[in-house]
Amino acid sequence: MPRPLSATIHTAALANNLAVARRRAPNSKIWAVVKANAYGHGLARAFPGLRATDGFGLLDLEEAAKLRELGWAGPILLLEGFFRPTDIDVIDRYSLTTVVHSDEQMRMLEMARLSKPVNIQLKMNSGMNRLGYTPEKFRPAWERARACAGIGQITLMTHFSDADSERGVAEQVATFERGAQGIAGARSLANSAATLWHPSTHFDWVRPGIILYGASPSGLTAAIEGTGLQPAMTLASELIAVQTLAEGQTIGYGSTFVARKTTRIGVVACGYADGYPRVAPEGTPVMVDGVLTRIVGRVSMDMLTVDLTPCQNAGVGSRVELWGANVPIDDVARACGTIGYELMCAVAQRVPVRAE
Ligand SMILES: *Cc1c(COP(=O)(O)O)cnc(C)c1O
């Protein structure tokens with residue numbers, strides 16, 4: 001018997017979430033963002049649920065090749081562009097669309113020998129200050145791209161830093177408009193947060209990632225209530241032991257939890273080597289035998305421990321949901337001081353994953 005821990009990917013939830021994105025941006029095409037192995041869900045496993053998209057956005061050439069092997073003939077966008085001249089051979093072979101955010105990339109394209117022109121997304125730095133041409137350098141870059149025989153269609157693109165928070169997108173949109181003024185061509189601005197909350201930024205292509213997996217762009221579960229998004233991953237395990245602590249007894253490394261009264265504790269087959277965060281504090285939500293309860297004691301490499309006080313009927317073999325439909329991944333993440341994105345991307349290799 002393998003350990004009872006596994007992750008389940010819900011194909012119907014992925015398809016539902018893509019449909020939610022479409023309803024939010026009905027006049028835009030969608031780049032379904034599947035970087036980082038489809039946010040930890042597995043590219044091949046996520047593909048069937050997302051194949052109604054217009055294109056896929058990702059980072060690795062290997063992932064792009066894999067999508068072609070899976071039979072995807074539509075657009076694939078390299079969200080960071082490429083890194084070496086030899087990458088352009090792969091772009092050419094697999095007919096990929098690439099971001100161009102720097103003169104170094106532009107120069108590589110100018111020098112490249114291609115079988116056909118490459119479609120690009122010319123990236124503006126509108127305030128995120130990671131990648132892209134400044135608004136002042138954007139028009140010259142566009143003119144240079146237009147003059148390059150190796151470049152086909154040019155889409156204008158930028159990325160938001162605060163679409164999920166108070167600051168919003170107004171400043172960046174204004175900067176983008178200033179830099180892109182008078183330049184014709186399709187536009188691509190919106191990530192998940194902007195797809196949900198800033199309809200004026202939808203334009204020709206939106207680029208949702210996290211909402212396809214049913215989690216919140218802001219890391220707050222309440223923020224996506226009523227959107228119809230469904231969690232695409234369930235991480236579940238079982239109790240493999242039950243301990244009854246007497247008052248004053250402790251559990252696990254560091255003895256961080258001290259029983260104030262006689263307390264039943266469940267031991268779950270899931271630890272930080274599975275990707276469950278070691279920093280998860282006492283009180284982090286978890287569901288045991290259909291009842292919500294909390295983590296107690298320190299998460300160890302292969303196990304974690306839970307308070308069975310509210311779970312009267314739980315015993316060895318009881319089902320444990322670490323996150324999923326009943327325990328929102330963002331609630332677990334929030335207890336750990338992070339966001340759902342990080343947890344789903346961190347599910348470890350040793351966790352068996354199946355799609356349903
Ligand atoms: C990751 C990424 C996205 C998707 O972001 P979400 O917040 O997951 O929607 C969109 N655009 C670019 C350029 C990205 O790198």
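Conventions adopted
- Residues numbered from 1 in each chain as written.
- Predicted model: local features only at pLDDT ≥ 70, side-chain atom pairs only at ≥ 80, totals over all residues.
- Heavy atoms only, no water.
- Pairing = 2+ DSSP bridges.
- Helix = DSSP H or I, 4+ residues; strand = E, 2+ residues; numbered from the N terminus.
- Domains from an automatic or database assignment.
- Contact = heavy atoms within 4.5 Å.
- Buried area = accessible area lost by both parts, 1.4 Å probe.
- Salt bridge = Lys/Arg side-chain N within 4 Å of Asp/Glu carboxyl O.
- Buried < 20%, exposed > 50% of the residue type's maximum accessible area, 1.4 Å probe, protein only.
- Near = heavy atom within 4 Å.
- Polar contact = N/O pair within 3.5 Å; in protein donor to acceptor, adjacent residues only side chain to side chain.
- Areas by Shrake-Rupley, 256 points an atom, 1.4 Å probe, with all protein chains shown as cover.
- Nonpolar A, V, L, I, M, F, W, Y, C, P; charged D, E, K, R; others polar.
- Phe/Tyr/Trp six-rings, centres within 6.5 Å; stacked < 30°, edge-to-face > 60°.
- Axes fitted to C-alpha atoms, helices over the stretch in contact; angles between N-to-C directions.
- Parallel < 35°, antiparallel > 145°, perpendicular 65-115°, else oblique.
- Left-handed = near helix turned anticlockwise from the far one by under 90°.
- UniProt positions renumbered as here; feature names shortened; annotations may be inferred.
- Right-handed = clockwise from strand over helix to strand, strands pointing away.

As a further point, take the sheet that holds strand E8 (residues 187-190). Judged by pairing direction, the barrel is parallel, and its eight strands sit side by side in the order E2-E3-E4-E5-E6-E7-E8-E9 before closing back on the first. Note that E8 and strand E9 (residues 205-206) share two bridges and pair parallel. Looking at E9, one finds that Ser188 is bridged to Trp205.

What follows covers the domain arrangement of the protein chain. For the protein chain, the assigned domains read domain 1 (11-215) and domain 2 (233-355). For domain 1 versus domain 2, the distance between C-alpha centres works out to 37 Å. Tallying the contact residues gives nine residues for domain 1 and nine residues for domain 2. Across the domain 1 to domain 2 interface the summed buried area is about 830 Å²; carbon plus sulfur atoms make up 72%. Broken down residue by residue, the surface that domain 1 buries against domain 2 is led by Tyr39, Arg45 and Ile210, which jointly contribute 50%. Here domain 1 is connected to domain 2 by zero salt bridges.

Bringing helix H4 (residues 61-69) into the picture now. Along an α-helix, a turn takes 3.6 residues, which lines up residues three or four apart on a common side. Every buried residue belonging to H4 is among Glu63, Ala64, Ala65, Leu67 and Arg68, and all of these are buried. In this structure, the buried residues of H4 make contact with helix H2 (35-39), helix H3 (43-50), strand E3 (55-58) and strand E4 (76-78). Where H4 ends, the next residue or the one after it, Gly71, has phi of about 105°, a positive value.

A word on the site of the ligand. Of all residues adjacent to the ligand, which total 13 residues, the nearest are Lys35, Tyr39, Ser192, Ile210 and Tyr341. Between the ligand and the protein, one listed contact pairs an oxygen atom with a side-chain N or O atom of Ser192 at 2.5 Å. The contact in question runs from an oxygen atom of the ligand to an N or O atom on the backbone of Ile210, over 2.8 Å. Surface burial for the ligand is 91%, taken as the share of its 390 Å² of free accessible area covered by protein chains. When grouped by side-chain class, the residues that make up the shell around the ligand number seven nonpolar, four polar and two charged.

As a further point, take the packing of aromatic side chains. Overall, the coordinates contain seven aromatic pairs when judged by the stated rule. Arranged with centres 4.6 Å apart and planes meeting at 25°, the rings of Tyr39 and Tyr213 form a pair that is stacked. Of this pair, Tyr39 sits in helix H2 while Tyr213 is found in the loop between E9 and strand E10 (233-245), placing the two residues 174 residues apart along the sequence. Given the relative accessible area of 6%, Tyr39 is considered buried. Members of the aromatic cluster, each reached through a chain of ring pairs, are Tyr39, Tyr213 and Tyr341.

It is worth spelling out the packing of helix H1 (residues 11-24) against H3 at this point. One way to put it is that H1 packs onto H3 with a least axis distance of 7 Å and a crossing angle of 55°. In terms of axis orientation, H1 runs oblique to H3. H3 is crossed by H1, and the crossing has right-handed handedness. Contact residues: H1 offers Thr11, Leu14, Ala15 and Leu18, while H3 offers Ala46, Pro48, Gly49 and Leu50. Class assignment of the residues belonging to the contact of H1 with H3 gives a composition of six nonpolar, two polar and no charged.

Attention now moves to the UniProt feature "domain: Alanine racemase C-terminal" (unreviewed entry) in the protein chain. With numbering matched to this structure, UniProt assigns "domain: Alanine racemase C-terminal" (unreviewed entry) to residues 232-356. Across residues 232-356, the secondary structure splits into 10% helix and 36% strand, with the terminal C-alpha atoms separated by 10 Å.

It is worth spelling out the environment of Ser192 at this point. Position of Ser192 among the secondary structure elements: in helix H9 (residues 192-197). Spatially, the C-alpha atoms of Ser192 and Ile210 are 6.3 Å apart, while their sequence positions differ by 18 residues. With near-sequence residues (within four places) excluded, Ser192 lies in contact with Arg207, Pro208, Gly209, Ile210, Ile211 and Pro217. A polar atom in the side chain of Ser192 sits 3.2 Å from the backbone nitrogen of Ile210.

Before going further, it helps to examine the pairing of strand E6 (residues 118-124). For E6, the buried fraction is high: six of the seven residues fall into the buried class. Where strand E5 (residues 97-100) and E6 come together, three bridges link them in parallel fashion. Following the sheet pairing, Val99 is matched in E6 by Gln121. Following the backbone out of E5, through helix H6 (residues 103-111) and into the adjacent parallel E6, one traces a crossover that is right-handed. Inspection of the sheet shows E6 paired to strand E7 (residues 151-158) by six bridges, in the parallel sense. Residue Val118 lies in a different strand from E7, and its bridge partner there is Ile151. Chirality of the crossover, the property in question, places the unit of E6, helix H7 (residues 135-147) and E7 among those that are right-handed.

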